[in-house]
Amino acid sequence: MSTFADLDLPKSLQKAIDNLGYTTPTPIQLRAMPVISSGRDMMGIAQTGTGKTYAYLLPILKQWKFMKTDTPRVLIIVPTRELVVQVAEEVEKLTKYMSVRTLGIYGGVNINTQKNLVYDGVDILVGTPGRVMDLALDGVIRFDALQKLVIDEFDEILNLGFRFQVTSILTMLKGKRQNILFSATMTDEVDEMLDEYFELPEEVSLAASGTPLEKITQLGYRVPNFLTKVNLLEHLLEDDKMERVLVFVNNKKTADILMERLDGNLPGQFGVIHSNKSQNYRLNTMATFQEGGLRGIVTTDVMARGLDISDITHVINMEFHEVPEQYIHRIGRTGRADKEGTAISFISPREEEQQIEAEMLMEKEIGFIDFPESVPVAEKLLEFEKDKKKIKFLLKRPKLEGGGAFHDKKEKNKKVNLGGPGRRTPRKTEPRNRAVEAKRAGKKKKGK
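None of these values were measured; they are calculated from a predicted model.

Draft legend 1. Structural context of helix H10 (residues 226–236). Where burial is concerned, most of H10 is hidden: 10 out of the 11 residues are buried. Within H10 the residues assigned to the buried category are Phe226, Leu227, Thr228, Lys229, Val230, Asn231, Leu232, Leu233, Glu234 and Leu236.

The following block contains the structure:
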């Protein structure tokens, strides 16, 4: 078995890794090291929680040499503010014994403060697409000395509607550089960007797109409505084994409804994170949870990608996401770093199709458990449940020419806002629906 000592890292970098207690590199780290070290463009596909951040940081820092410049030599673009903070912290940990200036920039904070920090000089710049573009257009960030561009969680960047910002940044980068891209899934949009801006990238793939980690036990309950789901959640939380829990819902409104109920019955045990919360509130809530001050967090998909929160014992899907790939990202918050994890989904009748699509993507079925008799079944439907049923068919839209995420976002803004991320139409809808019907028919036949 390979160790970090076998990678022939500089003493300063090896010392930092030893201090962190890491001994064995992950498969994606081993496979990415020779490709990135060679200077070739790279496209990496790997499961969530497999060590992608160190897969690009280690070879970059292994080759680090002093250069007299105050402009960024490495630019790392990530989709969210929380991920900027996390990646910047990881860079600082690895460069503890090196002379490397690291800076994280993102929206929602004073841009003039960030301008002054850039002017002070930076070697590795980590940022969200919007804030990097803004500072570059203002002439604050210059790319004269840029040697490496890293785009992490690329499919999520496109899903969030940042295609325009990313392409704008790429057109500003005139000099020769190495491009490194990591994505959890491979889509047509990712292919288009690679063809246009990358030079014969070498693909490093750890596993087929959509494959979940084997360390995760996937369970499900069939539940008629949301209020009954809340009753079931409170019943399950009576088990002390549910120590560190992430509870996913599909939008901000639902998150606030659930948080109000939990805070009434389990005061001080849960926090809530979604895009309407301030940046400081979100970061403080995450830090409190990481330090053990909270038992769990209620959140939207803002926490489904990229973030590394250690030792999550359980992921609860209160609502099943309409995009099957997102289910994979959610459950990937547990079962990390070779630890066991449990993912439990509450599935209402209107969510069964999404459940089957996710199972087909994973090529694995969720194991269902009988609904506990002691849990009260609510008759009442919340307004958002009724609304979703009424308008679901109205929200369908024709496929746009070009399929760009930037244009998708404009189209989404025309729709009724349910307080959550816009629905993304799954690719290859017709074949997938035929397969779903076939599977359903097979199950019915088997039941007879």
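Draft legend 2. Looking closely at the side chain of aspartate 152. With respect to the helices and strands, the residue aspartate 152 is situated in the loop between strand E5 (148–151) and helix H7 (154–159). Lysine 52 provides the closest opposite charge to the buried, salt-bridge-free aspartate 152, at an N-O distance of 4.8 Å. Dropping the residues within four chain positions of it, aspartate 152 is found in contact with Thr53, Tyr56, Ile77, Val78, Pro79, Ile157 and Phe182.

Draft legend 3. Fine view of the sheet that holds strand E6 (residues 178–183). Reading across from one edge, E3-E4-E2-E5-E6-E1-E7 is the order of the seven strands in this open sheet, with parallel pairing throughout. Both outer strands of the open sheet, strand E3 (102–105) and strand E7 (202–205), are each paired with one neighbouring strand and no more. Neighbour-to-neighbour, the strand axes of the sheet open up by a mean angle of 15°, direction not taken into account. Bridge count between E5 and E6: four bridges; the pairing is parallel. Note on E6: the bridge partner recorded for leucine 149 is asparagine 179. Sitting on the sheet, helix H2 (residues 27–38) touches strand E1 (42–45), E5, E6 and E7, and the angle it makes with E7 is about 170°.

Draft legend 4. Representation of the packing of helix H13 (residues 324–331) against helix H14 (residues 352–362) in the model. One can describe the packing of H13 onto H14 by two numbers: an axis separation of 8 Å at closest approach and a directional angle of 75°. By the angle between their directions, the pair H13 and H14 is classed as roughly perpendicular. Along its contact with H13, which presents Pro324, Glu325, Tyr327 and Ile328, the element H14 presents Glu357, Ala358, Leu361 and Met362.

Draft legend 5. Summary view of the environment of glutamate 189. Along the chain, glutamate 189 falls in helix H9 (residues 188–197). By relative accessible area, which is 16% here, glutamate 189 ends up buried. Separated by 30 residues in the primary sequence, glutamate 189 and asparagine 159 have C-alpha atoms spaced 9.8 Å apart.

Draft legend 6. Highlighting the pattern of salt bridges. For the structure on display, the rule yields 13 salt bridges. Across the pair aspartate 123 and arginine 101 runs a salt bridge whose closest N-O atoms are separated by 3.1 Å. With aspartate 123 in the loop between helix H5 (111–119) and strand E4 (124–127) and arginine 101 in the loop between helix H4 (81–94) and E3, this residue pair connects regions lying 22 residues apart in the sequence. Here aspartate 123 falls in the buried class, since its relative accessible area comes to 5%. Arginine 101 gets classed as partly exposed once you look at its relative accessible area, which sits at 31%. Notably, a salt bridge pairs arginine 163 with glutamate 192, separated by 3.5 Å at the nearest N-O pair. With arginine 163 in helix H8 (residues 163–172) and glutamate 192 in helix H9, this pair connects stretches of sequence that are 29 residues apart. Using a relative accessible area of 16% as the deciding quantity, one classes arginine 163 as buried.

Draft legend 7. Main features of the pairing of strand E9 (residues 245–248). The alternating pattern of E9 places Val245 and Val247 on one face and Leu246 and Phe248 on the opposite face, and all of these are buried. Summarising the sheet, E9 and strand E11 (residues 296–299) pair through four bridges and their orientation is parallel. Following the sheet pairing, phenylalanine 248 is matched in E11 by threonine 299.

Thresholds, definitions, all that
- Each chain carries its own residue numbering, running from 1 in the written order of its sequence.
- Owing to the predicted nature of the model, reporting of local features is limited to residues with pLDDT of at least 70; listing and counting of side-chain atom pairs is limited to 80 or more, with chain, interface and lining totals taken over all residues.
- Hydrogens and water molecules were not included; the side-chain quantities draw on all heavy atoms of the structure.
- Accessible area is worked out with a 1.4 Å probe on protein chains only. A residue is then buried under 20% of its type maximum, exposed over 50%, and partly exposed in between.
- Secondary structure counts use DSSP, requiring at least four H or I residues in a row for a helix and at least two E residues in a row for a strand, with both numbered from the N terminus.
- By the counting rule applied here, Lys and Arg register as positive and Asp and Glu as negative, while His and the ends of each chain are not counted.
- We define a salt bridge as a contact between a side-chain nitrogen of Lys or Arg and a carboxyl oxygen of Asp or Glu at a distance within 4 Å.
- Pairs of residues are marked as contacts when any of their non-hydrogen atoms sit within 4.5 Å.
- In this analysis, strands are considered paired if DSSP registers two or more bridges between them.
- Lines fitted to C-alpha atoms define the axes here, with helix axes fitted over just the stretch in contact, and angles between the N-to-C directions of these axes take values from 0 to 180 degrees.
- Under this scheme an angle from 65 to 115 degrees is roughly perpendicular, one under 35 degrees roughly parallel, and one over 145 degrees roughly antiparallel; angles in between are oblique.

The quantities given are spatial measurements derived from coordinates; they are silent on function.
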